[in-house]
Amino acid sequence: MMKKILIIQGNPVSPSYNGAIAEAYRKGAVQAGAEVRMITLNELEFNMNLEGGYRNKLPLEPDLLEAQEAIKWAEHLVWVFPIWWGGPPALFKGFIDRIFMPGYAFKYHKGKLFPDQLLKGRTARMITTMDGPNWYYKWFQGEPAHKMMKISTFALTGIKPVRITPVDLVGKQSEEQRKKWLEKIEQLGRKLG
């Protein structure tokens, strides 16, 4: 059975190494027979500020409605984004804020502590890039972006398991090292996970 994979590339800078990573994963997944769709956040038109919060929600722009449909369609979500100041870029966070809304991603019920997880049945992989060493991000900074996505976003909405592939020291890598990482990412795509 063909696996449905959605790749969400969240670097606001274009072209970027994140774009090359997303393409490498896509290439591997297609080679393995998956049906793949891709969203590049900096190509979408939307207000990334959740003005009014959940009470006075902004209507979703057409690009966000399409993104929600693509997430519902997918069985496996691949999130590719850089780590800036310990977290994802504002564009990426704004995308999450706007589309992972009550009634779409989760639903609270009066008297219940935990919400219904409306995105159950999907798995995810995060591929993150950073200029610093991963050991420092993990042990000294506490992996804030990884935890935000895995625990606060995916666990709340029912997406699991979530695997993480950190690509560190990006600004210090040689072209050969970058190429090897792209080959590893393509292999991950071929494994469809």
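In terms of helices and strands, the chain carries 6 helices and 7 strands. Counted from the first residue to the last, the chain has its helices and strands arranged as β-α-β-α-β-α-β-β-β-α-α-β-α. Per-residue burial over the chain gives 46% buried out of 193 residues. With an accessible surface of roughly 10300 Å², the chain has 54% of that area assigned to carbon and sulfur atoms. Each charge class in the chain can be summarised by its mean position, and for the 28 positive and 19 negative side chains these summaries are 9 Å apart.

Moving on: the layout of surface pockets. The space that makes up the largest pocket amounts to roughly 280 Å³. As for the largest pocket, its lining consists of 17 residues, of which Ile-83, Trp-84, Thr-129, Met-130 and Asp-131 are closest to the centre. At the level of secondary structure, the elements contributing two or more residues to the lining of the largest pocket comprise α1 (17-31) and α4 (134-139). Considering only residue class, the lining of the largest pocket consists of 9 nonpolar, 7 polar and 1 charged.

Moving on, we get to the pairing of strand β1 (residues 4-9). Taken across its 6 residues, β1 has 5 buried, putting it largely inside the fold. Following the backbone out of β1, through α1 and into the adjacent parallel strand β2 (residues 35-40), one traces a crossover that is right-handed. One ladder, built from 5 bridges, connects β1 with strand β3 (residues 76-82); its direction is parallel. Opposite Gln-9, over in β3, you have Val-80 as the bridge partner.

Counted by the stated rule, this structure contains 6 salt bridges. Here Glu-186 and Arg-190 are joined by a salt bridge, their closest N and O atoms 2.9 Å apart. One end of the pair is Glu-186 and the other is Arg-190, both in helix α6 (residues 175-190) and 4 residues apart, which spans about a single turn. Given the relative accessible area of 37%, Arg-190 is considered partly exposed. One continuous salt-bridge network, built from bridges that share partners, spans Lys-27, Glu-186 and Arg-190.

Right, let's talk about the sheet that holds strand β6 (residues 123-129) for a bit. Sheets are built from strands that pair by backbone hydrogen bonding, the pairs being arranged parallel or antiparallel. With parallel pairing, 5 strands are arranged side by side in an open sheet as β2-β1-β3-β6-β7. Sheet topology places β2 and β7 (162-167) at the edges, where each strand pairs with a single neighbour. Strand after strand, the sheet turns through a mean of 15° between neighbouring axes, direction not considered. As defined by bridge partners, β6 adjoins β7 across 6 bridges and the pair is classed as parallel. Among the inter-strand pairings, Arg-125 is bridged to a residue of β7, identified as Arg-163. Contacts from α6 reach β6 and β7, with the element oriented near 170° to β7.

Reading guide: rules and limits
Numbering of residues starts from 1 in every chain and runs along the sequence as written. Local features in a predicted model are, by the rule used here, given only for residues with pLDDT of at least 70; side-chain atom pairs are given and counted only at 80 or more, and totals for whole chains, interfaces and linings are based on all residues. Each side-chain value is worked out from all heavy atoms of the structure, with water and hydrogens disregarded. The helix and strand labels rest on DSSP assignments: H or I over at least four residues marks a helix, E over at least two residues marks a strand, and numbering proceeds from the N terminus. Only protein chains enter the accessibility calculation, which uses a 1.4 Å probe; a residue is then buried when its area is under 20% of its type maximum, exposed when over 50%, and partly exposed in between. Note on areas: these come from Shrake-Rupley sampling with a 1.4 Å probe, and a residue is covered only by the protein chains present in the view. Counted as positive: Lys and Arg. Counted as negative: Asp and Glu. His and the chain ends are not counted at all. Taken as the charge centre is NZ of Lys, CZ of Arg, CG of Asp or CD of Glu, depending on the residue. Think of a 1 Å grid over the protein atoms and nothing else: a 1.4 Å probe that fits but is trapped marks a cavity, an open set flanked by protein within 12 Å on at least five of seven lines marks a pocket, and residues with an atom within 4 Å of a point count as lining. Grid points are joined across faces, edges and corners, and a volume is the space filled by probe spheres set on the points. Note on residue categories: nonpolar means Ala, Val, Leu, Ile, Met, Phe, Trp, Tyr, Cys or Pro, charged means Asp, Glu, Lys or Arg, and polar means any other residue, Gly included. Call a crossover right-handed when, viewed with both strands pointing away from you, the route from the first strand across the helix to the second goes clockwise. Whether two strands pair depends on DSSP finding at least two bridges between them. Any Lys or Arg side-chain nitrogen located within 4 Å of an Asp or Glu carboxyl oxygen qualifies as a salt bridge. Between the N-to-C directions of two axes lies an angle of 0 to 180 degrees, each axis being a line fitted to C-alpha atoms and, for a helix, fitted only over the stretch in contact. What makes two residues a contact is simply this: any of their non-hydrogen atoms within 4.5 Å.

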